[in-house]
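Fold and contact review
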Number of protein chains: 2
Amino acid sequence: MSSNEPYPGTQAVLRALTLLKTFTDEKPELNLIELAQAVDLNKTTAYRLLTALESEGLITRASESDAYRLGPEAIALGGRAVRANNLHKVCRPELERLAAQTKETATIEVLSDAQSLTLDEISGSYVVGVSRYIGTRWPLHATSTGKILLAYLPPVALDALLVAPLTAYTPHTITSLTALRQELATVCEQGYAIGNEELEIGFISVGAPIRDHNGAVVAAIGVGGSSARLREEIVFELIDPVKSAARRISEQLGYRELIEK
Amino acid sequence: MSSNEPYPGTQAVLRALTLLKTFTDEKPELNLIELAQAVDLNKTTAYRLLTALESEGLITRASESDAYRLGPEAIALGGRAVRANNLHKVCRPELERLAAQTKETATIEVLSDAQSLTLDEISGSYVVGVSRYIGTRWPLHATSTGKILLAYLPPVALDALLVAPLTAYTPHTITSLTALRQELATVCEQGYAIGNEELEIGFISVGAPIRDHNGAVVAAIGVGGSSARLREEIVFELIDPVKSAARRISEQLGYRELIEK
DNA sequence: TAATATATTTCATATTATGAAATGACGTTT
DNA sequence: AAACGTCATTTCATAATATGAAATATATTA
């Protein structure tokens, strides 16, 4: 079977899932017509699928307007998905330790869909809000953890992901493919990556690779915060804690560092 | 249309969603046969639906075994659902309902800056003015909602907030730290708090905890009014409505009460 | 090597999803 | 108050699509 032909007999399900994915942070509430247009479905069909999704709690409707939005069951599902990931279990205590130690926000990220997906997050003591970014995806070339995830990729996989143009989020974003490859080489050599206001002005972070028992890099751990606090010499103080946390997690995943040089 | 007959033309979608819900914290990894049996589906049908879910990233398979588990897209979906269902949106209709039902004034409050901050308010029919207190902060130890917010705090955080002296606003205000700790224990046990003219003579209220998808208490909901109306037996009639409203809001935030005893 | 257990594919069939059109609900304009 | 507009919802004839029994592939165990 060709790899991206839809599996036969799944049209309705695929359409329903596409509807679910239409809800974004930018447009979290949509009405029937908007949804039908966005996914190019007949209004009636969209309505029927939405009714099914609603009956199972995956979407709800604002009581006043009758706009649809993602529902409680989606939240519960996401929670179960996070907890099912055993990476999450192992990383939790290390994230807490890292956040406590540095007073900055610590996250673990995995590669998902050519982006960096935040699996878990602990806010540093400077921030009140909790886990605002779990489940969010970030561009790989503009974050410290993203660069980690890229840097250790096998060449073929890397080539597939490194395609121009690289969106410039700030004046610091690396936008040239050669410059990025250069940076990734440095990252590999150092064993950590720094994200210096490349995604957002005012945000600086440090990331390090998490390896499984085969030595494959399966995730990245990072800490970051406001550039107002993290002046250059302070950023450097984050490197060791992050690398140590990454090493301890990797060890728990069965990774044994090679002794030789 | 009868209310719990499935909407026609949605069999496949409903079956797919049922499959998704089969993954739990206790059994986060399932193989084809287990899944098919659990939801009483033909093996082939289950397989086809799973393939569709997998192709959209809602489920993945452990690379070694070929067991299914919830995938990254489920995490991403959950994240978006959390952000789309903020407290304010979810609470609004429940506040209105509570105010209509009890004819008293209903509010939601969150912890902010060692005080209880009124996020939203709906006046009951007995009160003339409307939402006079949105954005106001109240002492934690002298209100029903404040005591709720304290009662479920982790010990360390509680210790940081419980510092003498506790200002006496009325003769009923709890001013001893030990008495307050005692009261908070009772509140936890009961699942509601009563504020009996502790902030202001003539004002009585009942509060209950609102939990997010992690089970953490993130807000409190309360109703209250004049002690002239709310004689003891009437106050007790508020408890159930408030607790129910809190429970419904929590459910919408993705909280799933534990089933076990 | 055979046997077992599981995943995957095939394919004829009719059940089920589909969408055009009609209707309903509700607010806004004339 | 009537006419209009917008959007959600229902109806229903039709065929496209989901279905499941059976066959096959793949891996693991005896």
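Attention here is on the structure that accompanies the text. (Residues numbered from 1 in each chain as written. Chains lettered and ligands numbered in written order. Predicted model: local features only at pLDDT ≥ 70, side-chain atom pairs only at ≥ 80, totals over all residues. Heavy atoms only, no water.)

**What about the protein's contact with DNA strand D?**
Note the cut-off: By convention in these notes, a residue is near a molecule or strand provided one of its non-hydrogen atoms lies within 4 Å of it. Polar contact criterion, stated in full: a pair of N or O atoms within 3.5 Å, where within protein one must be able to donate a hydrogen and the other to accept it, and residues adjacent in sequence count only if both atoms are side-chain atoms. Helix and strand definitions follow DSSP, with helices as H or I runs of at least four residues and strands as E runs of at least two, each counted in order from the N terminus. By the convention adopted, Pro, Cys, Tyr, Trp, Phe, Met, Ile, Leu, Val and Ala count as nonpolar, Lys, Arg, Asp and Glu as charged, and the other residues, Gly among them, as polar.
Taken together, 21 residues are adjacent to DNA strand D, and G9, Q11 and Y47 of chain A together with N42 and T45 of chain B come closest. A share of 71% of the atoms of DNA strand D within 4 Å of the protein falls on sugar and phosphate groups. Contact between DNA strand D and G9 of chain A: a phosphate oxygen at 3.1 Å from a main-chain N or O atom of the residue. A distance of 2.9 Å separates a base oxygen of DNA strand D from a polar atom in the side chain of K43 of chain A. Going through the elements one at a time, α1 (11–22), α2 (32–38) and α3 (43–55) of chain A together with α1 (11–22) and α3 (43–55) of chain B are the ones with two or more residues in the surface near DNA strand D. Per-class residue counts for the surface near DNA strand D are seven nonpolar, nine polar and five charged.

**Focus: the pattern of salt bridges**
Residues and elements named next belong to chain B. To keep it simple, the criterion reads: Salt bridge, as used here: a side-chain nitrogen of Lys or Arg that lies within 4 Å of a carboxyl oxygen of Asp or Glu.
Here the structure, examined in full by the defined rule, presents 29 salt bridges over all chains. Where R92 meets E96, a salt bridge forms, and the shortest distance between an N and an O atom there is 3.7 Å. With a gap of four residues between them, R92 and E96 both fall in helix α5 (residues 87–102), about one helical turn apart. One salt bridge connects D120 with R92, and the closest N-O pair in it is separated by 2.7 Å.

**As for the interface of chain B and chain A**
Defined as follows: Two residues qualify as a contact provided that any one of their heavy atoms is within 4.5 Å of a heavy atom in the partner residue. The term buried area denotes the loss of accessible surface (1.4 Å probe radius) that occurs when two parts are joined, taken as the sum for both partners.
Counting from both sides, the interface comprises 51 residues of chain B and, opposite them, 53 residues of chain A. On the chain B side of the contact with chain A, K21, I75 and R83 of chain B bury the most area, a combined 14% of that side's loss. For the pair chain B and chain A, the interface holds seven salt bridges. Its salt-bridge partner being K89 of chain B, residue E29 of chain A comes within 3.9 Å of it at the nearest N-O pair. Our enumeration of links across chain B and chain A arrives at 13 residue pairs in polar contact (both at pLDDT 80 or more). For the side of chain B that touches chain A, the secondary structure elements donating two or more residues are α1, α3, β2 (68–70), α4 (72–84), α5 and α9 (232–252) of chain B. Sort the elements by how many residues they give to the side of chain B that touches chain A and α4 of chain B lands first, with 13 residues. Looking at the side of chain B that touches chain A residue by residue, the classes come out as 27 nonpolar, 12 polar and 12 charged.

**Points about the layout of surface pockets**
Spelled out, the test is: Using only the protein atoms, space was sampled on a 1 Å grid; points where a 1.4 Å probe fits but cannot get out form cavities, open sets with protein on both sides within 12 Å along at least five of seven lines form pockets, and lining residues are those with an atom within 4 Å of a point. Grid points are joined across faces, edges and corners, and a volume is the space filled by probe spheres set on the points.
Reported here for the second largest pocket is a volume of approximately 790 Å³. Within the residue set of the lining of the second largest pocket, elements represented by two or more residues are α4 (72–84), α5 (86–102), β3 (105–112), β4 (115–122) and β8 (217–226) of chain A together with β1 (59–61), β2 and α4 of chain B. Partitioned by chemical class, the residues of the lining of the second largest pocket number 16 nonpolar, seven polar and four charged.

**Here we look at the sheet that holds strand β7 (residues 203–211) of chain B**
All names here are of chain B. Filter applied, for reference: Any two strands with at least two DSSP-identified bridges between them are counted as paired. In this description, a line fitted to the C-alpha atoms serves as the axis of each element, helices being fitted only across the stretch in contact, and the angle between N-to-C directions of two axes falls anywhere from 0 to 180 degrees.
In space, the six strands of this open sheet follow the order β5-β4-β3-β8-β7-β6, with antiparallel pairing throughout. Across the chains shown, the open sheet's two edge strands, defined by having one partner strand only, are β5 (137–139) and β6 (193–196). Each strand of the sheet is rotated relative to its neighbour by a mean of 35 degrees, with strand direction disregarded. Relative to strand β8 (residues 217–226), strand β3 (residues 105–112) runs antiparallel, the two sharing five bridges. When the bridges of β8 are listed, T105 appears paired with G224. Packed onto the sheet, α5 meets β3, β4 (115–122), β7 and β8 and runs at close to 65 degrees relative to β4.

**A short note on the protein's contact with DNA strand C**
Near DNA strand C there are 21 residues, and of these N42 and T45 of chain A together with G9, Q11 and Y47 of chain B occur at the shortest range. Each atom of DNA strand C within 4 Å of the protein belongs either to a base or to sugar and phosphate, the latter forming 72%. At a separation of 2.9 Å, a phosphate oxygen of DNA strand C approaches a polar backbone atom of L32 of chain B. A distance of 3.1 Å separates a phosphate oxygen of DNA strand C from a polar atom in the side chain of R61 of chain B.

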